[in-house]
Amino acid sequence: SILSTPKRLSSFSSIRRVSMDSSTKLFKRASSLSEKSNRIFVCINRIERHKQHDLVIKAYLRAFEKAAVFPDLIIAGVINARNANDVAYYEELVALAKNSNLSQHIDIKLSICDKERTTLMHKALCVLCPSASDNFDVMLLEALSMGVPALAHKNGGLAEIVEDGKTGFLMDSEVKDWSRKMRIV
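The model shown is predicted, which means the values in this text are computed figures rather than measured ones.

Undergrad: What exactly am I supposed to notice about the nonpolar core here?
TA: Most often, soluble globular proteins keep nonpolar side chains buried together rather than apart. Core analysis: the biggest nonpolar cluster contains 29 residues, and Phe41, Tyr60, Leu73, Leu128, Leu151 and Met182 have the highest contact counts within it. For this core, the secondary structure elements donating two or more residues are strand E3 (40-44), helix H2 (53-64), strand E4 (72-77), helix H3 (84-98), strand E5 (106-110), strand E6 (124-129), strand E8 (168-171) and helix H6 (175-184). When residues in this core are grouped by element, the largest group, 8 residues, is from H2. Those residues in contact with Leu128, other than ones at most four positions away along the chain, are Phe41, Val42, Cys43, Val56, Leu73, Met139, Leu151, Trp178 and Met182. Leu120, Met139, Ala143 and Leu170 belong to the second largest nonpolar core, which has 22 residues in total.

Below, the structure is given as structure tokens:
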């Protein structure tokens, strides 16, 4: 892999961005479709409506509802139990996943330890960062440093971390776009 420092993060010498080798197929991390079934999509972030976890679930369902073999989806994060809006959103996410034909392949975890987060990253086909309002995401930097590509929203600072078409894909909040990219990683 080739390491290069992101433009806005150049003052942080320990933070690096991993570029995929152009001689390999973009994001080819599993050699066959059957290997993808042992891999996962990972979205780790606070459970809040503006983080758009529902976009990830809807795109996943659209991408794999008719597929024979597909990776699991893991959404992990913390929730502010004192915030009624966050609790309601979490319940919506659980219902969305539970009422789908892929419910056994979607896991929404509240609070994971560092070791579990690292394990999830190692198993990830890619990380999902759907928030249109985030300017910085440590989890995204960790994933890219491990060579894990990302699907991220093109608004905010994430567009300065992810190189579209090289270390991941940048998109709007369109389910069809996220779904299409999920199928190709």
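Undergrad: What is the right way to look at the packing of H2 against H6 in this model?
TA: Look at H2 against H6: their axes get within 8 Å of each other, and the N-to-C directions meet at 60°. Considering the angle they form, H2 stands oblique to H6. Between H2 and H6 lies a crossing whose hand is right-handed. From H2, Leu55, Val56, Lys58, Ala59, Tyr60, Arg62, Ala63 and Phe64 reach across to H6, where they touch Val175, Lys176, Trp178, Ser179, Met182 and Arg183. Residues belonging to the contact of H2 with H6 are distributed by class as follows: 9 nonpolar, 1 polar and 4 charged.

Undergrad: Even after reading the chapter, I still don't get the pattern of salt bridges, so can you show me in this structure?
TA: Side-chain pairs of opposite charge can arise whenever the charged atoms involved come near each other. Within this structure, the stated rule accounts for 10 salt bridges. Taking the shortest distance from any N to any O, the salt bridge between Arg49 and Glu92 comes out at 2.8 Å. Here the residue Arg49 occupies a position in the loop between E3 and H2, and Glu92 occupies one in helix H3, the gap between them amounting to 43 residues. Judged by relative accessible area, which is 43%, Arg49 ranks as partly exposed. Of the charged contacts in the structure, one is a salt bridge between Arg180 and Asp177, with a shortest N-O distance of 3.0 Å. With Arg180 and Asp177 both in helix H6 and 3 residues apart, the pair spans about one turn of that helix. The exposure class of Arg180 is partly exposed, given its relative accessible area of 40%. Here Asp177 falls in the buried class, since its relative accessible area comes to 17%.

Procedures and definitions
Residues numbered from 1 in each chain as written. Predicted model: local features only at pLDDT ≥ 70, side-chain atom pairs only at ≥ 80, totals over all residues. Heavy atoms only, no water. Core = buried A, V, L, I, M, F, W, Y, C linked by side-chain atoms within 4.5 Å. Buried < 20%, exposed > 50% of the residue type's maximum accessible area, 1.4 Å probe, protein only. Helix = DSSP H or I, 4+ residues; strand = E, 2+ residues; numbered from the N terminus. Contact = heavy atoms within 4.5 Å. Axes fitted to C-alpha atoms, helices over the stretch in contact; angles between N-to-C directions. Parallel < 35°, antiparallel > 145°, perpendicular 65-115°, else oblique. Left-handed = near helix turned anticlockwise from the far one by under 90°. Nonpolar A, V, L, I, M, F, W, Y, C, P; charged D, E, K, R; others polar. Salt bridge = Lys/Arg side-chain N within 4 Å of Asp/Glu carboxyl O.

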